[in-house]
Structures are given as C-alpha cells and as structure tokens.
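# Notes for the structure review
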Amino acid sequence: MDIQSLYQIYKQYPNITTDTRKIEKDSIFFALKGANFNGNTFAAQALEIGAKYVVIDEEIYKAGEEYILVNDVLQALQELAKHHRRQLDIPVIGVTGTNGKTTTKELLYSVVSQKYKTYATKGNLNNHIGVPLTVLAIDESVEIAIIEMGANHLKEIAFLCDIAQPTHGLISNVGKAHLEGFGSFEGVKKTKGELYDWLQDHEGILFLQADNPHLKEMAAARKISKTITYGFSEDNDVIGKLLKATPLLQIAWKRKGEERVYEIDTQLTGSYNTENFLAAIAVGLHFAISAEAINKGIEGYAPTNNRSQIMNTAYNTVICDYYNANATSMAAALDNIRVIEAEKKAIILGDMFELGAESFAEHRKLVEQVKTVDADRKIFVGKAFFEHCHEGAEFYETTDQARAALETNPVKGATVLLKASRGMAFENLIGVL
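Fair warning: this is a prediction, and the values are worked out from it, not measured in the lab. (Residues numbered from 1 in each chain as written. Predicted model: local features only at pLDDT ≥ 70, side-chain atom pairs only at ≥ 80, totals over all residues. Heavy atoms only, no water.)

## Describing the overall build of the protein chain
When helices and strands are tallied, the protein chain shows 16 helices and 21 strands. Relative to its length of 433 residues, the protein chain is compact, with a C-alpha radius of gyration of 23 Å against a globular reference of 22 Å. Once the C-alpha set of the protein chain is aligned to its principal axes, its extents read approximately 70 × 55 × 40 Å. Every one of the 433 residues in the protein chain was classed for burial, and the buried ones make up 56%. Within the protein chain, contacts between residues separated by at least 24 positions form 63% of all contacts whose residues are at least 6 apart in sequence. Counting every atom, the protein chain has about 18,800 Å² of accessible surface; 47% of that belongs to carbon and sulfur. Taken as two groups, the 45 positive and 56 negative side-chain charges of the protein chain have centres that lie 3 Å from each other. (Helix = DSSP H or I, 4+ residues; strand = E, 2+ residues; numbered from the N terminus. Rg over C-alpha atoms; globule rule 2.2 N^0.38 Å. Buried < 20%, exposed > 50% of the residue type's maximum accessible area, 1.4 Å probe, protein only. Contact = heavy atoms within 4.5 Å. Areas by Shrake-Rupley, 256 points an atom, 1.4 Å probe, with all protein chains shown as cover. Lys, Arg positive; Asp, Glu negative; His and termini not counted. Charge placed at Lys NZ, Arg CZ, Asp CG, Glu CD.)

## Section: the pattern of salt bridges
Scanning the model with the defined rule gives 20 salt bridges in all. A salt bridge links Asp19 to Arg21; the nearest nitrogen and oxygen atoms lie 2.9 Å apart. Residues Glu362 and Lys365 are paired through a salt bridge, measuring 3.4 Å at the closest nitrogen-oxygen approach. Taken together, the residues Glu362 and Lys365, both in helix α14 (residues 359–371) and 3 residues apart, mark about one turn of the helix. Bridged by salt links that share partners, the residues Lys33, Asp57 and Glu58 form one connected network. (Salt bridge = Lys/Arg side-chain N within 4 Å of Asp/Glu carboxyl O.)

## Comments concerning the environment of Ile239
Within the fold, Ile239 resides in strand β13 (residues 238–245). What makes Ile239 buried here is its relative accessible area of 6%. Placed 108 residues apart in sequence, Ile239 and Ile347 show a C-alpha to C-alpha distance of 31 Å. If we skip the residues at most four places from it in the chain, Ile239 touches Gly231, Phe232, Ser233, Glu234, Ala252, Trp253, Lys254, Lys256 and Leu278.

## Considering the nonpolar core
One finds Trp253, Ile281, Ile347 and Leu349 to be the most contacted residues of the largest nonpolar core, which totals 58 residues. With 8 residues, the single largest contributor to this core is helix α11 (residues 274–286). Sequence-distant contacts of Ile281, that is, excluding residues within four places in its chain, are made with Val238, Ile251, Trp253, Ile294 and Ile298. Membership of the second largest hydrophobic core comes to 53 residues, among which are Ile9, Tyr53, Ile163 and Leu208. (Core = buried A, V, L, I, M, F, W, Y, C linked by side-chain atoms within 4.5 Å.)

As structure tokens, then:
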C-alpha cells in the first residue's frame, strides 16, 4: 500500500502503536522487527486485542483486508510520519543535546503549555521509532509541538530532522557520550550540529546558549536566519544566574536591556540545570508568554524520571540522577555537589558505558575530580572505576556489593549524589539510603 492510501486510513484511526501491550480499540498496529522478535507474528493477536488494522511486511501473515502489506514496516512508519508532519502548519521545536535534552524538553512543555495547546515527546521516545510515533500523535488541536531527538551515531539527527521538520531548535549542550558510535567528541559536535544545519537550510529559528563556547562556535559556522540567545553574560537576550542550591535551585533572570529581575524557586537540583531553565524562558518569551506564566511553568515542574530528582528518605536527601551518565554529565554532577549547601555529603558514582577507547581515561579523570570534592563518604561502583582505586574512597565491583556495604555501614544525615549509567541499576541502592 502506498503512503497516501495509508494516510487516509490513519486519519480515520490515528492511534498508532508498535506494542501489543498498549493496543487500544481501533488503533493501528505497526509490526516492527527487532533483533530478537518479528512483529509480524503478533499481527493476528493485535487484531484480537482490538486493533482496527495491522501493518505487516511479510505476505505470509496477510489473512484479510485488515492486514496492510508494505515493503518495510519501519520505513512505512517513518514515511507516514513525514507525510503527516507536512500537513501540520504549526511551530515545531526540535531539542537535542548530550545532556539535559529531556529535562529541557519537559521544562519547555511546562512553560509553553501555560498559553498554548502543546504536545511534547513522551518519556524518551527520541529515536528513529520514537520520533515518528511522536509526530503521529500530534492532532489538529495542537498549537505547538516539542520534539526531542537523540542520537548515538553520525547522521542520526539529520535523519530525525527530516521526519520532525523543526521550525525552531536548540541544543542543550555537547559532551563526551556514546563515543563508541560517534568516534570522537568532534563526531558528537558534528551530529548534534545537524539540527543547526536543518535550521540553516530551512530558515529556522535557533535558541542558543551563547556562553557555551562549543555551541557558539557551531552556530557561528552556519548562517541561521534568526538566533535568540540565553546565558549568564549581559550580551544575551535572556540573562540568568544561580542564586542558591540547597539542594533545590533558586535562579534569577531578566531580559536584555531591562532592569526588572525575576526570581524563581524551582523543584530541580543540579546547578547545570540553570541554563535549561533559561532555555525555557527564552522560548516562552519568543512565543509571547508573560513572565508570570513562564515563572509559573518553571516553578510547577517537578521531575519524576531520575534526572536531577530529589528524594527525601528516612535518613538522607538523595539526588537521584542515575537515568544515564557520561563524562560530561558526571563532571557537572560533581560540580553541583560541590556547591550544594549541606552539612554532610556523600558521593556514590557508578560506571559510565559506551565510552569506547576513552573509557579508562575518562573514569580516571573522574576519580581525580572526586578527590577535590569535600565529601564525608566517597564510593565508586563498577569494573571501570575499580581499576582506579585510591585511598580515601570505597570501591565495589557491583551494585549488589555496594548495597551490602551500605547495609553494614549506612550513610545517614547526608546529601547523597547517586550518579551512574542506567545499566548499573542504582535504583537498588535507594532502599539502603
């Protein structure tokens, strides 16, 4: 079936799913394939559960008119999303970056939705499957869309931009992550910069953290029709600063050329989030949202995704930041715990994954950085960290070993930083903190 014909069916039944566990009545099931599964084999089950149609790419499974046969299910999903995007005459804000893109996306949504009917990427559906699903979830009532785009190899952001077709965009930052796929930090910059390339080629509007030298250099290398800047220096269109980290952040901001300063008490920790707040403020102002509504949106955002999230246990204040980790975000987390006002501090770090040949050196750098932080307890977990043992810190090869040690010798009355790559399963440490 061609995309035009498929689109007419989608317009009648716009609920798209790729997971039989999430099928709703009269939805369309796209039978994707993976390394260990073939979605075609679930097509009949999807219809039984309530799907109106199933999209398949193996003719052997076609058993009626409700089976839509295409050459490649994933490609059909992506092409359908591109076609739908072309029908939408609304601002679409593309968000990417090494760190902070999900938090920034959530903050943008919290601010922009104060005035507009807004749709934003759910969770972290930011890849070659998630972005098409996000686009296809945008209906005619939506006035502004915010689409997060992730990448772990070259050309991926360019590919996602071709689907999402952003009219506006921002890169939260660039850093050392997924180096196995990108090859180097320059590869990271090149890939993330593909969003800037899209904005340049399509006369889009850029929101730029102009005090970030990497982002500033990347933007300067391109001719983008309009750039709105935010940061900490007086040259920016939106100027901000961190007032307190106790550990929740209090920030201040103002417009360029204006005297009035606004102060906001937030529900986020992590001094590095200050620039993410400023990004949301810059976007809000661009879309004519009042300062009061912007501040309300930021004050109202409370993280629930183990990113810069505060949890008060019976014994400690825990900074839950273990959704993911890389060399840049680890360093930023340590800078944050350094400035937090607390009588007692503990640092628990777990291995970083996907650093390739730079893994040994980057873990060693972090061990050396931790030496410079004043903390009552310093704990490293994982085989990569275990290679860099030094006096004054505890090392455990596994999270289970760390948990056992914390049961025997607990941390109490402290502000605790928990930071690791997702695969370290640091949520298992919460019960002993």
